[in-house]
Amino acid sequence: MAVEKEKKTCGQLMTEWKEFIWNPRTHQFMGRTGSSWALILLFYLVFYGFLTALFTLTMWVMLQTVDQFNPKYQDRLSIPGVMIRPKTDALEITYNMSQTESWEEYVRMLNKFLEAYDNAKQVASNRDCIPGQYNEQVDNGVLNYPKTACQFNRTMLGDCSGLNDTTYGYRDGRPCIIVKMNRVIKFYAGDGKPINVSCLAKKEEDAQKLGEVVMFPPNGNIDLMYFPYYGKKIHVNYTQPVVAVKFLNLTFNYDHHIECRVNAANVNTNDERDKFAGRVAFKIRVNKE
Ligand SMILES: *[C@@H]1O[C@H](CO)[C@@H](O)[C@H](O)[C@H]1NC(C)=O
Ligand SMILES: *[C@@H]1O[C@H](CO)[C@@H](O)[C@H](O)[C@H]1NC(C)=O
Ligand SMILES: *[C@@H]1O[C@H](CO)[C@@H](O)[C@H](O)[C@H]1NC(C)=O
Ligand SMILES: *[C@@H]1O[C@H](CO)[C@@H](O)[C@H](O)[C@H]1NC(C)=O
Ligand SMILES: *[C@@H]1O[C@H](CO)[C@@H](O)[C@H](O)[C@H]1NC(C)=O
Ligand SMILES: *[C@@H]1O[C@H](CO)[C@@H](O)[C@H](O)[C@H]1NC(C)=O
């Protein structure tokens, strides 16, 4: 009995279901007539079409305000940071003269960094610019891309070029350090006046122990022709200028604390919050038995 009743209910359900899918009397498909379905379809078509249009419009307006070549937000970097090579985590260059393996890594880092400065590469990709003036390349109505860069020849680093002395003085206890100023887009370093880098013992009383230093290019000068920098996408072959400092007679087995500063009219080197703004401090120690 119970089974029969269940069967009946089941059959009824099937009929109801079929009628729901397609009702031949009212011509309704899933409870709605064709015109009702058409209206719903139309509504969603218009609705999503509108959303798509709105999204596209918003994106387009946003993209109009983005300059592909110049980052929109870069004010935080208005003072160029300064860094050294070889760079170690603690900014400490320590080695033992007699143990080659203690300075080999520094030499390797310098070799790698200076590869891009090889004269042949510089001559192939960059111009021989007029010293003492900015390499300004304005866009007079038309975009003047890509922009040319000025040669910075490896030979300009003299005894610190690694060309004649392939150990950059590390073997003889007269090591070279390279100082580089980070790139800042459209920054006219020096404000038209000459720029140089100077490296001194952090404490004046240590100057004697540090001994004589020599800078390359002479006087630690950075020519204005390497500015302004227009950004990676436009200034494709740009080679940033560097200064090398060679410690000619430092006292061995002593921690020398050095500070290198960029001396330029518009580079503030006294920012308390950013200790790499326009300057860099590092330690150098050469051990000798
Ligand atoms: C230098 O040599 C001393 C022992 O002669 C050693 O303790 C020290 O770790 C060495 N330093 C480096 C940087 O290799
Ligand atoms: C960049 O350097 C390559 C060769 O390295 C050269 O063909 C190209 O013209 C240079 N581009 C500019 C804008 O100077
Ligand atoms: C770079 O070196 C090449 C020769 O190797 C020379 O012709 C060129 O004038 C040098 N450029 C600068 C800026 O000194
Ligand atoms: C390498 O040594 C030669 C000969 O002493 C010299 O003429 C040349 O200027 C030196 N090169 C560098 C980059 O110092
Ligand atoms: C370095 O630049 C500063 C300021 O721009 C100047 O006073 C100083 O004489 C320069 N030093 C050298 C060695 O050219
Ligand atoms: C090197 O420095 C020492 C003192 O630290 C000094 O006596 C010596 O004269 C200096 N040598 C040269 C060539 O300057």
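Residues numbered from 1 in each chain as written. Chains lettered and ligands numbered in written order. Predicted model: local features only at pLDDT ≥ 70, side-chain atom pairs only at ≥ 80, totals over all residues. Heavy atoms only, no water.

Thoughts on the confidence of the model for the protein
1) Next: Taken residue by residue, the protein gives an average pLDDT of 91. The fraction at 70 or more is 94%.
2) Next: When mean pLDDT is compared element by element in the protein, strand β10 (residues 242–247) scores highest at 98, while helix α1 (residues 2–21) scores lowest at 74. (pLDDT = per-residue confidence, 0-100. Helix = DSSP H or I, 4+ residues; strand = E, 2+ residues; numbered from the N terminus.)

Concerning the environment of Cys-150
1) Next: The residue Cys-150 is located in the loop between α4 (119–125) and β6 (176–181) in this model.
2) Next: Sequence separation of Cys-150 and Ile-177 is 27 residues, and the distance between their C-alpha atoms is 23 Å.

Section: the site of ligand 2
1) Next: Close to ligand 2 lie Ser-125, Pro-146, Lys-147, Val-236 and Asn-237.
2) Next: Take Ser-125: an N or O atom from its main chain is 3.5 Å from an oxygen atom of ligand 2.
3) Next: Residue Asn-237 places a side-chain N or O atom 2.3 Å away from an oxygen atom belonging to ligand 2.
4) Next: Considering only residue class, the shell around ligand 2 consists of 2 nonpolar, 2 polar and 1 charged. (Near = heavy atom within 4 Å. Polar contact = N/O pair within 3.5 Å; in protein donor to acceptor, adjacent residues only side chain to side chain. Nonpolar A, V, L, I, M, F, W, Y, C, P; charged D, E, K, R; others polar.)

So, the site of ligand 5
1) Next: Taken together, Pro-194, Asn-196, Asn-219 and Asn-263 form the complete shell of residues around ligand 5.
2) Next: Taking 360 Å² as the accessible area of ligand 5 by itself, protein coverage stands at 39%.
3) Next: Of the residues assigned to the shell around ligand 5, the class counts are 1 nonpolar, 3 polar and no charged. (Areas by Shrake-Rupley, 256 points an atom, 1.4 Å probe, with all protein chains shown as cover.)

Quick word on the sheet that holds strand β2 (residues 28–29)
1) Next: The antiparallel open sheet is built from 3 strands, whose spatial order is β1-β2-β3. Two strands in the sheet have a free side with no partner beyond their single neighbour: β1 (22–23) and β3 (32–33).
2) Next: Of the pairings in the sheet, the one linking β1 to β2 comprises 2 bridges and is antiparallel in character. Its bridge partner lying in β2, Asn-23 is registered against Gln-28. (Pairing = 2+ DSSP bridges.)

Thoughts on the packing of aromatic side chains
1) Next: Inspection of every chain in the model, using the stated rule, returns 14 aromatic pairs.
2) Next: When the centroid spacing of 5.9 Å and the interplanar angle of 10° are considered together, the rings of Phe-43 and Phe-47 count as stacked. Residue Phe-43 and its partner Phe-47 are both found in helix α2 (residues 34–64); the two are separated by 4 residues, about one turn of the helix.
3) Next: Residues Tyr-95 and Tyr-106 carry aromatic rings whose centres are separated by 6.4 Å and whose planes lie at 65° to one another, so their mutual orientation is edge-to-face. (Phe/Tyr/Trp six-rings, centres within 6.5 Å; stacked < 30°, edge-to-face > 60°.)

Some remarks on the state of the cysteines
1) Next: One pass over the full model with this rule turns up 3 disulfides.
2) Next: Bridging Cys-129 to Cys-150, the disulfide has an S-S length of 2.1 Å. With the S-S bond torsion at -95°, the cross-link from Cys-129 to Cys-150 turns out left-handed. On the criterion of sequence distance, the pair formed by Cys-129 in the loop between α4 and β6 and Cys-150 in the loop between α4 and β6 is long-range, its members being 21 residues apart. (Disulfide = S-S within 2.5 Å.)

Details of the pattern of salt bridges
1) Next: What the rule picks out here adds up to 9 salt bridges.
2) Next: Lys-147 is paired through a salt bridge with Asp-139; the nearest N and O atoms lie 2.8 Å apart.
3) Next: Residue Lys-147 is classed as buried on the basis of its relative accessible area of 4%.
4) Next: Members of the salt-bridge network, linked through shared partners, are Glu-92, Asp-255, Lys-283 and Arg-285. (Salt bridge = Lys/Arg side-chain N within 4 Å of Asp/Glu carboxyl O. Buried < 20%, exposed > 50% of the residue type's maximum accessible area, 1.4 Å probe, protein only.)

Topic: the nonpolar core
1) Next: Residues Tyr-170, Ile-177, Val-197 and Phe-247 are the most contacted members of the largest nonpolar core, which totals 61 residues.
2) Next: The contacts of Ile-177, once residues within four sequence positions are left out, are Ile-84, Arg-85, Pro-86, Ile-93, Tyr-170, Val-243, Ala-244, Val-245, Phe-247, Phe-282 and Ile-284. (Core = buried A, V, L, I, M, F, W, Y, C linked by side-chain atoms within 4.5 Å. Contact = heavy atoms within 4.5 Å.)

Regarding the domain arrangement of the protein
1) Next: In terms of domains, the protein is made up of domain 1 (15–57) and domain 2 (77–287).
2) Next: Its C-alpha centre places domain 1 at a distance of 71 Å from the equivalent point of domain 2. (Domains from an automatic or database assignment.)

Side note on a nonpolar patch on the surface
1) Next: The grouping of Trp-17, Phe-20, Ile-21, Trp-22, Phe-29, Met-30 and Trp-37 at the surface amounts to a nonpolar patch, some 690 Å² of accessible area in total.
2) Next: Here Met-30 shows up in the loop between β2 and β3.
3) Next: Classification of Met-30 as partly exposed rests on a relative accessible area of 36%. (Patch = residues over 30% accessible without salt bridge, like charges linked within 9 Å, V, L, I, M, F, W, Y side chains within 5 Å.)

What to know about the UniProt feature "transmembrane region" (unreviewed entry) in the protein
1) Next: Mapped onto the present numbering, the UniProt feature "transmembrane region" (unreviewed entry) falls at residues 37–63.
2) Next: Helix makes up 100% of residues 37–63 and strand 0%, with an end-to-end C-alpha separation of 39 Å. (UniProt positions renumbered as here; feature names shortened; annotations may be inferred.)

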